[in-house]
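Chain and residue survey
Chain by chain, the residues:
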Amino acid sequence: MKKEKVVEARSRLGQILDSHKPDYLSSTLQNLLPNSCKGFQCSKKLAKRIKLVLVTIVIILGVKYYYEEMQGKKCALSLPPPLRYAFRPPESCDFCANIKNVPRLQNINPQEFEKKFAYNAAPVIISDATKNWTAVSLFNYWYFRDVYGKAKQKQQIKECQFLPYKTGFFDIYDALDMEEDRVELKPGEQPWYFGWSNCHAETAEEFRKHYGRPYFLPESSENNAVDWFFIGTSGLGAQMHIDNVRLPSWQAQLAGSKRWLLVPPPECYLQCHSFDVVVQQGDIIVLDTNKWYHQTFVQPGAISLTIGAEYD
C-alpha cells in the first residue's frame, strides 16, 4: 500500500514540475530568431539599396553621355568629378609608357599622321594647319556676340552645353553680355573664361564657313557633328580634369596662346611622363582627352580663343 502511495506521489510531483518547468531555452530561441530574421531582412534591404544606387549612377552616366558628348547639350543629371573619377576604369599604361615629349610638326601627310599619332593617344602639335582658315582673323568675342544676337532660335541655342568654369555666367547669352572694360580685362576688372558647344544648326552653318577639317586627319575619318569653343583672358583656364568622350580630338588655337599641362592617370604615374607645353596662335594640338588628365592656363597677352572637335 505504501509503495503504491509513493508511486502515486512521485507521479503527481512529476506532473506539477512539468506544468511549472521554466522555458529559458525556448524564450531565448524565440528572442534570437526574430533578431536574426531582422538582421537578414536588413541585409536584403541594404543590398537592394546598393543595387538601386548603382543602377541610378549608370542611368545618370548614360543620360549625361548621350546629351553632353553625343548631342553637345546641357544635362541636368551630373555626377561630381570625384565620383566620376572613382568609377573610371583603370587604363593600360601602354598608351603613354613610351612617350618622351610632345613633338611640334608641320607639313605632315594624313598617312603618316594616322600611323604615328591619330589613334594611339600620343599628343602632338601641328603648327601649319590653320593657315587658310578665315576664322583666325574673323573670330573674336564681338563676332560671337553679333552672330548669337542675330540668331532667331535663341532658346534652342541655350540648350547647347555651356561651361562657365569659375566665372558665374548662366549661359552663352549671359557670357556675351559683358561690358567692354571686362572683355578687354582693363585694370580692376575680373578675368573670364568659358566654353560652349556649337550644337545648333543655325550658328554651326555660319561658323563652319570659316574653318574646315584639319588637312592632316586620316582620309577615312570624320569630325564629330558638334564643335567646341573656349574663350577667355589670362589668369584662368580649365581646371585639371579628364573627359568622358568616345574619340580623340583636336583643338585649334585661333587667337592668343594657352599652356597645357598633360598628366597620365594615377595608375600610370610610375611608367609615364607628364608634359607642359604652350600652344601658340595657329597651332593645333591633338590628343586623347579621355586618357590624359589635362589643365589649361591662358597666357598673358591676347584673349585666347580655341575651337575643337572629336574625330573618328
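That block above? That's the structure.
Now for a look at the structure at hand. (Residues numbered from 1 in each chain as written. Predicted model: local features only at pLDDT ≥ 70, side-chain atom pairs only at ≥ 80, totals over all residues. Heavy atoms only, no water.)

Counting secondary structure elements, the chain contains 10 helices and 11 strands. The burial tally for the chain puts 41% of its 312 residues in the buried class. For the chain, the accessible surface area stands at approximately 18200 Å², while carbon and sulfur atoms represent 56% of it. (Helix = DSSP H or I, 4+ residues; strand = E, 2+ residues; numbered from the N terminus. Buried < 20%, exposed > 50% of the residue type's maximum accessible area, 1.4 Å probe, protein only. Areas by Shrake-Rupley, 256 points an atom, 1.4 Å probe, with all protein chains shown as cover.)

A separate point is the pattern of salt bridges. Inspection of the entire model under this criterion finds 9 salt bridges. Between Glu112 and Lys116 there is a salt bridge, with its nearest N and O atoms 3.1 Å apart. You can see Glu112 and its partner Lys116 sitting in helix H4 (residues 110-118), 4 residues apart, about one turn around the helix. (Salt bridge = Lys/Arg side-chain N within 4 Å of Asp/Glu carboxyl O.)

A word on a positive patch on the surface. Residues Lys44, Lys45, Lys48, Arg49 and Lys51 make up a contiguous surface patch of positive charge. Mapped onto the elements of the fold, Lys44 is located in helix H2 (residues 24-70). (Patch = residues over 30% accessible without salt bridge, like charges linked within 9 Å, V, L, I, M, F, W, Y side chains within 5 Å. Lys, Arg positive; Asp, Glu negative; His and termini not counted. Charge placed at Lys NZ, Arg CZ, Asp CG, Glu CD.)

A few words on empty space enclosed by the protein. Taken as a whole and judged by the stated rule, the model has 1 cavity of 30 Å³ or more. Estimated volume of the largest cavity: approximately 50 Å³. Elements supplying a minimum of two residues to the lining of the largest cavity: helix H7 (154-158) and strand S4 (193-198). Residue composition of the lining of the largest cavity, by class: 5 nonpolar, 2 polar and 3 charged. (1 Å grid on protein atoms, 1.4 Å probe; cavity = no way out; pocket = protein on both sides within 12 Å on 5 of 7 lines; lining within 4 Å. Points joined across faces, edges and corners; volume = space filled by probe spheres on them. Nonpolar A, V, L, I, M, F, W, Y, C, P; charged D, E, K, R; others polar.)

This brings us to the pairing of S4. Of all the 6 residues making up S4, 6 are buried; the element is thus mostly covered by neighbouring parts of the structure. Note: S4 against strand S5 (residues 227-232), 6 bridges, orientation antiparallel. Bridging from a neighbouring strand, Phe194 pairs with Ile231 of S5. (Pairing = 2+ DSSP bridges.)

This paragraph deals with the packing of aromatic side chains. Taken as a whole and assessed by the stated rule, the structure comprises 31 aromatic pairs. Seen from their ring centres, Tyr141 and Trp142 are 5.1 Å apart, and the 85° between their planes marks the pair as edge-to-face. Sitting over the ring of Phe297, Arg259 keeps its end group 4.8 Å from the ring centre. The cationic tip of Lys291 hangs over the ring face of Phe95; the distance from NZ or CZ to the ring centre is 5.5 Å. (Phe/Tyr/Trp six-rings, centres within 6.5 Å; stacked < 30°, edge-to-face > 60°. Lys NZ or Arg CZ within 6 Å of the ring centre and 35° of its normal.)

With that settled, the discussion passes to H4. What H4 keeps buried is the set Pro110, Phe113, Phe117 and Ala118. With its buried residues spanning 75° around the axis, H4 presents them on a single face. With a side-chain oxygen lying 3.1 Å from the backbone nitrogen of Gln111, the N-terminal cap of H4 falls on Asn109. (Arc of directions from axis to C-beta. Polar contact = N/O pair within 3.5 Å; in protein donor to acceptor, adjacent residues only side chain to side chain.)

A few words now on the sheet that holds strand S8 (residues 275-279). The sheet built from 3 strands is open, its strands ordered S8-S7-S10 with antiparallel pairing. Of all the strands in the sheet, just S8 and strand S10 (293-298) have a single pairing partner and so form its edges. Sheet twist, expressed as the mean angle between neighbouring strand axes with direction ignored, is 20°. Note that strand S7 (residues 258-263) and S8 share 5 bridges and pair antiparallel. Within the sheet, the bridge partner assigned to Leu262 lies in S8 and is Phe275. (Axes fitted to C-alpha atoms, helices over the stretch in contact; angles between N-to-C directions.)

Further remarks concern the environment of Asn140. Mapped onto the fold, Asn140 is located in the loop between helix H5 (135-138) and helix H6 (141-150). Assessed through its relative accessible area of 34%, Asn140 is described here as partly exposed. Linking Asn140 and Ala255, residues 115 residues apart in sequence, is a C-alpha distance of 8.2 Å. For Asn140, the residues in contact, after removing those within four places along its chain, are Ile231 and Leu305. Reaching out from Asn140, the side chain makes a polar contact with the backbone nitrogen of Trp142 at a distance of 3.0 Å. (Contact = heavy atoms within 4.5 Å.)

Right, let's get into a nonpolar patch on the surface. Together, Leu46, Ile50 and Leu54 make up an exposed nonpolar region whose accessible area comes to about 280 Å². Position of Ile50 relative to the elements: it lies in helix H2. Taking the relative accessible area as the measure of exposure, Ile50 reaches 45% and is therefore partly exposed.

Another point: the sheet that holds S5. One open sheet accounts for 8 strands, arranged S1-S2-S9-S6-S11-S5-S4-S3; its pairing is mixed. Every interior strand has two partners, whereas the edge strands, strand S1 (104-105) and strand S3 (162-163), have only one. Both strand S6 (residues 249-255) and strand S11 (residues 304-310) contribute to a ladder of 6 bridges, which runs antiparallel. Within S11, the position partnered with Trp250 by the bridge is Ala309. Packing against the sheet, H6 makes contact with S4, S5 and S11, and its axis sits at approximately 45° to S4.

On the surface, a cluster of negative charge is contributed by Glu179, Glu180, Glu184 and Glu189. Mapping Glu179 onto the fold places it in the loop between helix H8 (172-175) and helix H9 (180-183). For Glu179, a relative accessible area of 63% corresponds to the exposed category.

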